[in-house]
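Per-entry structural report
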Amino acid sequence: MTATTVVDQVHLGDHVCWTHGDEGEALDAVGRFAAAGLRLGHKVVCFTETSPPQAVRARVDAVGVPTEAAVAAGQLRIVPAVEVYPSGGRPTPESMVAKVIDEVDRARHEGYPGIRLSGDMTWVLRSGTTLDDLRRYETALNPLFLDGRVAGLCLYDRRIFPADGMRAVAAAHPGTAGPGTARTWVPLLRAYRTTDPPGLRLVGQVDRSNREAFTAVLRHVTADQRAADRPPVLDVSELSFADVGAATALVRADRASATGIRLVGCRPSLHRLLHLLDGVPAEDPA
């Protein structure tokens, strides 16, 4: 399976951990990801490390999307990641998140319908950032994707990042993929903010591989609702699987919220888990 085919499944609202085993695979993925965004009229920002900006731009051109006009207009920015952060001192998760928020806000103010961000994360190993800081950074990004205006492709080289640390970092993403991923792949979990009623619509599955990301969006939606007079509603009718850890996260989110949370569309398996855990009001399963 080619990298480009799988990358085509990444849409606005997706935050994906892309693992790869060589520079060519990474370059293919970024080129296709950027080209798709330009075709759709999105802003595209690529933070590079292993591949120089000129190589990324050439790969986008090779896909069939000319970059000259996009670069001139500011629609496409390709910049070494180390240039984005101030020199001196180790970047904190908070400062890294703030840089991403700046890019998202800028794209919105410029009138783009969405923004695609790709980042070669190899640079963090030279910055002194720990894997735990990296996990916290990736976790904190998840609420940015709930409104369906941002797509993120975070590139991790399996040859460089230790396997144990990578499992924790990957779990901070709703979905993980790579060049060898099956053609039928979609992100394991997609989460969308709802406004009427306020809450979330959850689509897909939650297990150990993405539980950190799931917990992050739960924390966000319950924090948003602390001053409200009614609980946020989580539509789980399209959540096809949730393990015990996911059910536990729901119970904890319910207890942490001043108003609690309410589940609708709860499947029998999740309903049974919640009943055993003695938590979270949910509609009776059909």
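This text follows the structure it describes.
Residues numbered from 1 in each chain as written. Predicted model: local features only at pLDDT ≥ 70, side-chain atom pairs only at ≥ 80, totals over all residues. Heavy atoms only, no water.

On to the overall build of the protein. Summing up its helical and strand segments, the protein has eleven helices and ten strands in all. Here the protein has a C-alpha radius of gyration of 19 Å; the compact-globule value for 286 residues is 19 Å, and the two agree. Referenced to the eigenvectors of the C-alpha coordinate spread, the extents of the protein come out at roughly 55 × 40 × 40 Å. Considering only residue pairs separated by 6 or more positions, the protein has 76% of its internal contacts joining residues 24 or more positions apart. Entry remark: accessible area of the protein is about 12800 Å², with carbon and sulfur atoms responsible for 52%. If the 32 positive side-chain charges of the protein are averaged to one point and the 34 negative ones to another, these points end up 1 Å apart. (Helix = DSSP H or I, 4+ residues; strand = E, 2+ residues; numbered from the N terminus. Rg over C-alpha atoms; globule rule 2.2 N^0.38 Å. Contact = heavy atoms within 4.5 Å. Areas by Shrake-Rupley, 256 points an atom, 1.4 Å probe, with all protein chains shown as cover. Lys, Arg positive; Asp, Glu negative; His and termini not counted. Charge placed at Lys NZ, Arg CZ, Asp CG, Glu CD.)

Once that is clear, we can look at the sheet that holds strand β8 (residues 198-206). Each strand in a sheet pairs with its neighbour through backbone hydrogen bonds, running either in the same direction (parallel) or in the opposite one (antiparallel). With mixed pairing, four strands are arranged side by side in an open sheet as β7-β8-β9-β10. Two strands close off the open sheet at either side, each with one partner strand: β7 (189-195) and β10 (262-264). Each strand axis lies, on average, 25 degrees off the axis of its neighbour in the sheet, ignoring direction. Two elements, β8 and strand β9 (residues 233-242), share seven bridges in a ladder whose sense is parallel. Residue pairing across strands places Val206 opposite Ala242, the latter belonging to β9. Along the sheet, helix α9 (residues 211-224) makes contact with β7, β8 and β9, crossing β8 at roughly 170 degrees. (Pairing = 2+ DSSP bridges. Axes fitted to C-alpha atoms, helices over the stretch in contact; angles between N-to-C directions.)

So, on to unusual backbone geometry. For the bond running from Asp196 to Pro197, omega is 5 degrees, close enough to zero to count as cis. Within the fold, Pro197 resides in the loop between β7 and β8.

As for its position among the elements, Val56 is in helix α3 (residues 53-63). With a relative accessible area of 3%, Val56 lands in the buried category. Along the sequence, Val56 and Ser269 sit 213 residues apart, while their C-alpha atoms lie 46 Å from each other. Residues contacting Val56, with those up to four places away along its chain left out, are Leu27, Val30, Cys46, Thr48, Ser51 and Ile78. (Buried < 20%, exposed > 50% of the residue type's maximum accessible area, 1.4 Å probe, protein only.)

This part is about the pairing of β7. Here seven bridges tie β7 to β8, and the two strands are oriented antiparallel to one another. Of the residues in β8, the one forming a bridge with Thr195 is Pro198. The turn linking β7 back onto β8 is made up of two residues.

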